[in-house]
Amino acid sequence: MQDIPVRLRIMNEILIIGGGIAGVSAAAALAPHARVTLLEAESAIGTQTSGRSAAMFLANFGNPVVQALNRASYEDLKEVLTPRGMLLLGRAEDATAFQAECSGFGMAEISVAEAMEHLPILNPAHVAFAARREDVFDLDTDRLLQSYARTARTHGAKIVRNAKVSAVSRSGKGWEVVAGGAAYKADIIINAAGAWADGVAKLAGVVPIGIQPYRRSMARLPAPGGRDVRAWPFVISVGERWYAKPDAGSWLVSPADAEPMDPHDAWADDMVLAEGLARYEEMVTEPVVRLQSSWAGLRSFAPDQTLVVGPDKGEPSFFWLAGQGGYGFQSAPAASRLVADLVLGRAPALEAEVVAALGPARF
């Protein structure tokens, strides 16, 4: 441990609650400078939402504040990105929305015939519009997560699994947290608990922000028609009625559902999958004949669809790192740097207006 700032020299612990990509990347950013313990409720890190990601990087994904995080994260992510490309598909009735999304995603309109060169199962009878963008990437989520975990451990961070937080209380000038039957003391808590972030805040006596989990489901299908799908792009329909991408020789299709849920270990709803797959089948020529598997995760958003990063406005030793929604992996480098900058008292690398737009004080 080296270069510990004056304000941290008397610390017992910085305690991070949550072992998804948010918490693990924060541990990696902070461990070289302070004593860090990360508590994960499950038996392995990245089990919940982080383990169920669509695993893509698109710089233009999210609102302008999220996009600023995406851009600031890109250089750090290059080693875990593989070119994939992206197609946007629209029906005749989607003309206005197609133009808006094509512009918003920074895509170039192409003909339906050109789109079929990239996605041969596209159904020209139902697809009227198409657009393509080359610089969209697969993101190796496991490699990124494990890289952050190694960095954190190399610098002395403790990652404690099977440590579900059951109590959080003030202890003198610091905090006491009970998790997995053990007690931990800390001067600073970082709440990276994903869908459970508001619950952790309530335990700590901190006013919840309104982090809402939404279910997102996924079906793994055999390669359509037995084709080689490895070079196929990420495909999304206008209005996000469904999206699809190759994965290890199979074909993933999501109904792009966003059903509000209480925090829990999510699973796919058969009816939601069936309805989404029917929307997908409308725009392709190969029917869905069977599912290899299905699953769901919870994407958790703040009320304004922007991440929440920084000290709580009523409790400055309680930091939020939550509301990642569907942007957790592709924004992780910049978001973890920011929370480390704020905890360590450094000037953030991000622009001041972006830092302010991410801060909990906006609520």
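Model, not experiment: these values are computed from the prediction. (Residues numbered from 1 in each chain as written. Predicted model: local features only at pLDDT ≥ 70, side-chain atom pairs only at ≥ 80, totals over all residues. Heavy atoms only, no water.)

**Q** Can you walk me through the pattern of salt bridges in this structure?
**A** Side-chain pairing between opposite charges can occur once the charged atoms of the two side chains come close. Summed over all chains, the structure comprises 17 salt bridges. Between D94 and R91 there is a salt bridge, with the nearest N and O atoms lying 3.1 Å from each other. The same class applies to D94 as to R91, namely buried. For R346, the salt bridge identified is with D341, shortest N-O distance 2.7 Å. Look at D341 and you get buried, because its relative accessible area is 8%. Connected through shared salt-bridge partners, R84, D138 and K245 make up one network. (Salt bridge = Lys/Arg side-chain N within 4 Å of Asp/Glu carboxyl O. Buried < 20%, exposed > 50% of the residue type's maximum accessible area, 1.4 Å probe, protein only.)

**Q** Looking at this model, I keep getting lost on helix α7 (residues 270–281). Mind explaining?
**A** Residues spaced three or four apart along an α-helix face the same direction, because each turn holds 3.6 residues. Across its 12 residues, α7 extends 16 Å between first and last C-alpha, which sits within 8% of the 16 Å expected from 1.5 Å per residue. Among the residues of α7, V272, L273, G276, L277 and Y280 are the ones counted as buried. Looking straight down α7, one finds its buried side chains confined to an arc of 125°; they lie on one side. In α7, the exposed residues that point more than 90 degrees away from the buried face are D270 and M271. (Helix = DSSP H or I, 4+ residues; strand = E, 2+ residues; numbered from the N terminus. Expected span 1.5 Å × (residues − 1). Arc of directions from axis to C-beta.)

**Q** Which parts of the structure should I look at to understand the packing of aromatic side chains?
**A** The description of an aromatic ring pair uses the distance of the two centres, along with the angle that the planes make with each other. Counted according to the given criterion, the structure contains 12 aromatic pairs. Centroid distance F301 to Y327: 6.0 Å. Interplanar angle 80°. Geometry classified as edge-to-face. Note that F301 is positioned in strand β19 (residues 293–301) and Y327 in the loop between β21 (318–322) and α8 (328–344), a separation of 26 residues in sequence. Y327 matches F301 in its accessibility class, with the two residues each being buried. Taken together through their ring pairs, the aromatic side chains of F61, Y214, F301 and Y327 make up a single cluster. A cation over a ring is seen here: R170 above W175, with NZ or CZ 4.3 Å from the ring centre. (Phe/Tyr/Trp six-rings, centres within 6.5 Å; stacked < 30°, edge-to-face > 60°. Lys NZ or Arg CZ within 6 Å of the ring centre and 35° of its normal.)

**Q** Looking at this model, I keep getting lost on the confidence of the model for the chain. Mind explaining?
**A** Segments scoring low in pLDDT should not have their predicted coordinates read at a detailed level. Of the residues in the chain, 96% have a pLDDT of 70 or more, and the chain-wide mean is 94. Scored below 50 in pLDDT, residues 1–11 shows 24 contacts in the model against residues more than four places distant or in partner chains. (pLDDT = per-residue confidence, 0-100. Contact = heavy atoms within 4.5 Å.)

**Q** Hey, could you run me through the sheet that holds strand β3 (residues 56–57) in this one?
**A** Backbone hydrogen bonds are what pair the strands of a sheet, in a parallel or an antiparallel way. One open sheet accounts for three strands, arranged β3-β8-β4; its pairing is antiparallel. At either margin of the open sheet sits one strand with a lone partner, and together these are β3 and β4 (81–83). Where β4 lies against strand β8 (residues 137–139), three bridges are found, and the strand directions are antiparallel. Paired with P83 across the strands is F137, a residue of β8. (Pairing = 2+ DSSP bridges.)

**Q** I keep staring at the packing of helix α1 (residues 21–30) against helix α5 (residues 141–154) and nothing clicks. Help me out?
**A** Relative orientation and spacing of two packed helices are given, respectively, by the angle between their axes and the distance between those axes. One can describe the packing of α1 onto α5 by two numbers: an axis separation of 7 Å at closest approach and a directional angle of 35°. The two elements α1 and α5 meet at a crossing, and its hand is left-handed. Across the interface between the two elements, I21, V24, S25, A27 and A28 of α1 pack against L144, L145, Y148, A149, T151 and A152 of α5. Residue composition of the contact of α1 with α5, by class: nine nonpolar, two polar and no charged. (Axes fitted to C-alpha atoms, helices over the stretch in contact; angles between N-to-C directions. Left-handed = near helix turned anticlockwise from the far one by under 90°. Nonpolar A, V, L, I, M, F, W, Y, C, P; charged D, E, K, R; others polar.)

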